[in-house]
Structure formats: structure tokens, C-alpha cells
Amino acid sequence: MAENTVNQTTEQEDKPKKGILTTDLFGRHTIFSSVDELTEDNIIPEVNSALSIHIQNMLEEERLYWYRRGLQPVLNRTKTNNDFVCNTIVENHAEEIVSFKNGYFMTQPAYYVSRNEGSQGKVDKLNEYLYRSGKLSCDNEVVDWFHTVGLGYICVEPNDDPETPFKAYALRPMSAFVAYSMGVTGEPVYAGHTVVNDHRIYIDVWTKTRMFRLNGTYDAELATKCPDRAVTSVQVLETRPNVLGEIPIIEYRYNSTNMAAFEPVIGILDSINSLDSDRSDGITQFIESLLVVTNADLDENESASTIREKGMILIKSTSELAAKVEMITQQLDQSQAQTYVDHLINNMLVICGMPNRSEGGSVVNATGQALLSSFGWYQADSFARNTEDLFKKSNRQFDRIVKKILGERGLLDININDFELHFVRNETANIQSKAQAYQTLLAAGMHPQLAASKSGVSNDPVADTKMSEKYLKMIWGDPDKVDQMEEQGNGQGEAEVVEEDRTASGSDSEGSV
């Protein structure tokens, strides 16, 4: 294996048994390490302790992964009465939730923005390296994973190509884990990646100084087929220095509890599936209603099958009582059932932080901020911002690794405080209100970068303000002249407004306040 290279094997997706269990899902457990440094003496017991928690997380991740794919408990539905009519309807809202979260959180690829004017050129170059490394597509995969199972992982490693000095890979959460210090810092101590091959398991473990390769054994079948699975590391196959000097595997989280986007509402989703299946049964039973013949005898040649074929029946009374033929047509009240379904769906949207496309089943006539507020778009944005903060926190480790690789190769010398990751959402949403707020802040004397940032009119205030500098001076004046006039007046009193007439050559008029 190449230096610091994670094994990238294609894992066969064995489809689990129909209708996997989805109980006892309360978020993935965080793995903690009881040691500050791994050595050949303590790595076996330490990794075995981490694997016990990792396997538990993997079991839950497999359940959530297949639940999103549509393998849900309603597929095991049975009935005691009228078991010949047993419809199973999977209304896959889990897929709907994940798809919305993915699209809303990653409306456009995340990129780096400059935190000061002097580093804009370096940040632009950094974004070029980011694009070539495959990090943009990795971000999409990681976001999809942590919306599905609660966690996502990226591995970054040096690359020999000078045009692409580093590469990024998205890892399956079922095969990767990170162990954190139990100290107050909570920094990562080591990370691992597992590969199963021919009933043997290979575990690559990285610390900041060493890389270990271990082999082990595992028992039982795939996690979704058997609730018991034991994985044990047996021996250290090899160890070598970690020339990168950083842990290359980074863990990303959807929320602080490591829950999937739809995990808190699985009970509601199962209820919706059950109710829709019952409603489908009610319609089927109505269509296949039973024929009841009262006070009459059928011809000896008549039977249920012949009656269905002919579509008509001739009867005669056998007593003084009138003969009667009727269908049992009792039907489920669909309107009341729909009211309950709407209630469940509304609760699902509120808990997951998703907008509601209608209010009470009817479209509300609202625009602008009223629309965003009443339909839950503000709540969706607050959920996305919380996830964004956690994403940025994890991504700072990626930033340190990339900065180190580029700096050691002499490709880019940039301070880690000169840039930050930025997400683009709602660029044109409520743009009129944003523009009005921007103008108000400028008129109040706020710096254009601050005004652009606080009003939300720009996603990259530093670059946009720099590009618009000439036009801002045309409208609001040159701030440098204000500084000169204040220096001449020793900073006392108000600055004088100076205006210059347009020249015949058509030069711009300037004013300073």
C-alpha cells in the first residue's frame, strides 16, 4: 500500500432480510480513547475497545441506510383477520427528508473565502487546488452520509502530481471511525479504517506520528442479518512513521447527537406506512365486498365463481319473508384518516426542520418574509446553520492538513486564519429586503464589507466589496479623503462634504463625507 493510503475496496452490498428492525436508534456513540498515544504495546486492547463501539454504530448505520432505501418494518406487516387482503405501502419519507437536506445544505459547492483583502489571491489559488483534489464531490458524499446515518468521513492524503498535490476521498461510515481524547480538549487521538476480505479483517490505524496495520477476525454474518457480530484485532502486521504528521481521517457530524436527519421521526414514519397500508386494505375490501343472500335459495348450479362470471343472480323466496340480496359495503372514513395523516406529516416536518408546502392542506397567500416565516423556511435555515457550524469545525482539521502539504511543497504559503469555508444558500431569496438593509447600513456609516455580511446581500463580502470598490466610491464617496480631512482637523468636528464637478472628459464625480 502506498504511503498513508487508505484501502479503497468495493464492499458488496448484501441486502438484509426483509423488514429490518428500527428500534433503539438514538444516535451514534462517540468513541473515546483512554490513552494519549498508541504504541505497539497498547494498540491491541485499545483498538479492540474502540471496535466494540464501532461495530455497534455500524449495526445502527446499516439499519438506517437500508431504511432510507425503503426496507422498512411495514414490509413485515401481517393481519389476523382477512389476511388475504394485506397491502404493504412504503411511503418513503426518509428518502424525501435526506434529499431535501442534501439539496438545501449543499445548494452549491462549499468554497473558501478570504477573511481579509490581502489574502484574496492566495484563497483563489487554494480553491483551485480544492477543485482538483475532488473535495467538492467528497463534500456531497459526506453530507449524504451524515444525513443518512449521522456521521460522515473524509480521508485526505498527499499526491505526487504537482497540479493536484493532495487528494480527498469520502469513506463509508460503516468502515471508518475516529477515537477522541477523554481530556478537556477532546482532540482526535487516532483514526481507523477497516477492510473485510475472505473472513479476515484488516485495520489501518493512524496517529499523528505512526501508522499501524493490524489483522483480526470477525464472526457472524453481515450486521443487518445477525444482531451479533464480533470483531477482534489479533496482531500488528506492520508499523511505520506517519510522514504527514496529521491524522488523515476526519469525522463530520450532522448534529451534536450524531443522529440521522430522519432518525427522530422513525416512529412517525412507521405510523404513516401502517395507516396508508390500512387505508389501502379498506379500499381493496370495499372493491371485493361480500354478497349476502337473505331468505332465498340459489339454483343448485350456481356458485360464487359462476355468479362473479355472470354478474347477475336470479333468486326466489323460500318463505313468506321477502328475499333480499345485498353487498357489505362498509368503508373506512378516508377524510378522518387523511386528517390524521396530515397531522403526522406536519409533526414530521416540524421535528426535522423542513418547510411545509401548505398550511392545513390549502395554499396560503403569502410572499416575502411572511412566506419564509409561516412555511418553516426560517426553521430549515436554522437547522442548516447548526450543521454548517459543525461541518466547519471538523473541516478545520482538513484545512490544517492541506495547508501543511502545500506549504512543505512550496506551492502556497497561507495562514490558516486567512480563509474560511463558506456555504452558499438563498442567494436571491428576499433580495429586495437584503438590498434595503445593505443601503441602510451603508448610510449609517458601516464599512461596506460589514454591511454586505450583516444584510446577507453577499456570500463573499471581501471579494464582492473589492470588485465593487470603484462603484461604491462613485455613489458613497472615497473614504480615504475622509481620513485625510480628519487628520487635518485633528479628528475634531464633522468632516466637510467635498464634491467635484464632472470634467468634459467624462470623469466620475466623487464625494467624500
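Conventions we followed
- Residues numbered from 1 in each chain as written.
- Predicted model: local features only at pLDDT ≥ 70, side-chain atom pairs only at ≥ 80, totals over all residues.
- Heavy atoms only, no water.
- Helix = DSSP H or I, 4+ residues; strand = E, 2+ residues; numbered from the N terminus.
- Contact = heavy atoms within 4.5 Å.
- Pairing = 2+ DSSP bridges.
- Axes fitted to C-alpha atoms, helices over the stretch in contact; angles between N-to-C directions.
- Buried < 20%, exposed > 50% of the residue type's maximum accessible area, 1.4 Å probe, protein only.
- Salt bridge = Lys/Arg side-chain N within 4 Å of Asp/Glu carboxyl O.

*Asks:* Is there a simple way to think about the side chain of Gln120 in this case?
*Replies:* Relative to the elements of secondary structure, Gln120 occurs in helix α3 (residues 120-133). Beyond its immediate chain neighbours, meaning those up to four positions away, Gln120 contacts Ser114, Val462 and Ala463.

*Asks:* Even after reading the chapter, I still don't get the sheet that holds strand β3 (residues 151-158), so can you show me in this structure?
*Replies:* Sheets are built from strands paired through backbone hydrogen bonds, the pairs being either parallel or antiparallel. Within the open sheet, the three strands sit side by side as β4-β3-β10. Their pairing is antiparallel. Taken across any chain shown, the strands that pair with only one partner, and hence form the sheet edges, are β4 (166-171) and β10 (249-253). Each strand axis lies, on average, 25 degrees off the axis of its neighbour in the sheet, ignoring direction. Note that β3 and β4 share six bridges and pair antiparallel.

*Asks:* Mind showing me how you'd approach the pairing of strand β6 (residues 188-197) here?
*Replies:* Looking along a regular strand, one sees side chains alternate from face to face of the sheet. Along β6, eight of the ten residues are buried, which leaves the element largely enclosed by surrounding structure. Relative to β6, strand β5 (residues 176-181) runs antiparallel, the two sharing five bridges. Opposite Tyr180, over in β6, you have Pro188 as the bridge partner. What sits between β5 and β6 in their antiparallel hairpin is a turn of six residues, with Gly186 showing a positive phi close to 65 degrees. Where β6 hands over to strand β7 (residues 200-206), the hairpin turn is made up of two residues, of which Asp198 adopts a positive phi near 55 degrees.

*Asks:* Got a minute to help me understand the pattern of salt bridges in this structure?
*Replies:* Close approach of charged atoms allows side chains of opposite charge to pair. Per the counting criterion, the structure on display carries 14 salt bridges. Here Glu95 and Arg68 are joined by a salt bridge, their closest N and O atoms 2.8 Å apart. Residue Glu95 is found in helix α2 (residues 93-105), and its partner Arg68 is found in helix α1 (residues 43-68); the two are separated by 27 residues along the sequence. When its relative accessible area of 14% is taken as the criterion, Arg68 is described as buried. When salt bridges that share partners are traced, they join Arg28, Glu60 and Glu263 into one network.

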